[in-house]
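# Observations on chain architecture
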Amino acid sequence: MNRTRHKPEAPTGRPIAPAAPVAVPDVRPGQSVELLKELHILTRDGKLNQDSRRKLKQVYHLYNFIEPLLEEVMAARGDLTLADHGAGKSYLGFILYDLFLKSRQGGHIYGIETREELVARSRELAGRLGFGRMSFLNLSVEESIRSAELPERIDIVTALHACNTATDDAIRFALEKHARFIVLVPCCQAEVAATLRKHKNESFGRTPLSELWRHPIHTREFGSQITNVLRCLLLESHGYQLTVTELVGWEHSMKNELIIARATGQRRGNARERLESILAELNLQDLRERFIY
Ligand SMILES: C[S@@+](CC[C@H](N)C(=O)[O-])C[C@H]1O[C@@H](n2cnc3c(N)ncnc32)[C@H](O)[C@@H]1O
């Protein structure tokens, strides 16, 4: 008699990994070992090395920021929708699903990504893991704002290192959907720095503040910082209360600013006025439509 255990097959025809627990203290009970292997946190034979342990801690660290938001939405309406913009390999969505949604009845995660092969890969992995309440859409963030493939209501919007202005599009998406929470870890944004550069000579004659972006490296760094300042003011002008902090220990150490916005409906009184003044002072009026609406 053949005693080899037959592994059940997913629709893709690939075997589903057994849900057997592994003797790795950092892996939480019930967590998908197959997923951790796909994310290269566990090796193929289920081992965790020092680098992987660090990576897993970072993932938990980010999860710890987001979990209370998921809890709050679930408690409020017994369901939740989350859109992750610039999802890449969708590891954030997969981790949130595995650690939070998997054991619950409701909730749906949407991954928005322009790279078709990453979307296909995520669909295949979700199918294999049986993560049925995940959808992956091959759309730009901008397209997703009007897409009928997404529901009217999105409770939580995340954008983790979404390239350049994709973070700004994610903010616009979140505002259109009246998201309750917005979680951003912005990537570099070249647009503001390019505008500072374009008007540099003119700015020299106008304001001593132009010293802040005179040298090219400062143009880039100041451009990046002021971008996030403008994003914060935009969110505050729409009635969000912010927590702006550092995603400590994050692997992309250069881009580890974390912005968490909570809808309160209380617009900060002078946010719009401050936006107008900063754009005027820094000679950034070309970007008015991006940050004031
Ligand atoms: C740096 S990766 C980050 C991926 C993932 N969020 C993470 O942190 O691992 C940025 C991803 O955003 C995608 N992307 C860039 N611009 C986009 C846009 N406008 N709409 C949708 N996806 C975009 C890229 O294809 C890439 O996969």
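From a predicted model like this one, the values you see are computed outputs, not experimental measurements.

Think of an α-helix as turning once every 3.6 residues; residues three or four places apart then point the same way. With ten of eleven residues buried, helix α3 (residues 91-101) lies mostly within the body of the structure. Along α3, the residues classified as buried are Leu92, Gly93, Phe94, Ile95, Leu96, Tyr97, Asp98, Leu99, Phe100 and Leu101.

A separate point is the site of the ligand. Neighbouring the ligand are 15 residues, the closest being Gly86, Tyr91, Glu113, Val141 and Leu160. Here a nitrogen atom of the ligand and a side-chain polar atom of Thr114 are 3.4 Å apart. Contact between the ligand and Leu160: a nitrogen atom at 2.7 Å from a main-chain N or O atom of the residue. Burial of the ligand by the surrounding chains reaches 78%, relative to a free accessible area of 590 Å². Taking a 2 Å distance to the grid points as the criterion, the majority of the atoms of the ligand fall inside the largest pocket. Of the residues belonging to the shell around the ligand, the class tally is eight nonpolar, five polar and two charged.

Along the chain, Val183 falls in strand β5 (residues 181-185). For Val183, a relative accessible area of 4% gives the class buried. Taking C-alpha positions, Val183 is 6.2 Å from Val157, a pair spaced 26 residues apart along the chain. Those residues within four positions of Val183 in sequence are excluded, and the remaining contacts are Ile66, Leu69, Val157, Thr158, Ala159, Leu258, Ile259 and Ile260.

Moving on, we come to the side chain of Ser32. With respect to the secondary-structure elements, Ser32 resides in the segment before α1 (33-38). Of the polar contacts made by the side chain of Ser32, one reaches the backbone nitrogen of Glu34; its length is 3.4 Å. A distance of 3.0 Å separates a polar side-chain atom of Ser32 from the backbone nitrogen of Leu35.

A few words now on helix α6 (residues 166-176). The element α6 is largely enclosed, with a buried count of nine among its eleven residues. Taken as a whole, α6 has its buried residues at Ala166, Thr167, Asp168, Asp169, Ala170, Ile171, Phe173, Ala174 and Leu175. Note on α6: the residue one or two positions beyond its end, His178, has a positive phi of about 50 degrees.

Here we take up the sheet that holds β5. Sheet strands pair by backbone hydrogen bonding; their relative direction is either parallel or antiparallel. Taken together, seven strands build an open sheet; the order of strands is β3-β2-β1-β4-β5-β7-β6 and the sheet is mixed. The open sheet has two edge strands, β3 (134-137) and β6 (240-246), and neither has a second partner. Within the sheet, the average angular offset between the axes of one strand and its neighbour, ignoring direction, is 15 degrees. As defined by bridge partners, strand β2 (residues 108-112) adjoins β3 across four bridges and the pair is classed as parallel. Bridging across to β3, Ile109 finds its partner in Met134.

Parameters and conventions
Residues numbered from 1 in each chain as written. Predicted model: local features only at pLDDT ≥ 70, side-chain atom pairs only at ≥ 80, totals over all residues. Heavy atoms only, no water. Buried < 20%, exposed > 50% of the residue type's maximum accessible area, 1.4 Å probe, protein only. Helix = DSSP H or I, 4+ residues; strand = E, 2+ residues; numbered from the N terminus. Near = heavy atom within 4 Å. Polar contact = N/O pair within 3.5 Å; in protein donor to acceptor, adjacent residues only side chain to side chain. Areas by Shrake-Rupley, 256 points an atom, 1.4 Å probe, with all protein chains shown as cover. 1 Å grid on protein atoms, 1.4 Å probe; cavity = no way out; pocket = protein on both sides within 12 Å on 5 of 7 lines; lining within 4 Å. Sits in = over half its atoms within 2 Å of the grid points. Nonpolar A, V, L, I, M, F, W, Y, C, P; charged D, E, K, R; others polar. Contact = heavy atoms within 4.5 Å. Pairing = 2+ DSSP bridges. Axes fitted to C-alpha atoms, helices over the stretch in contact; angles between N-to-C directions.

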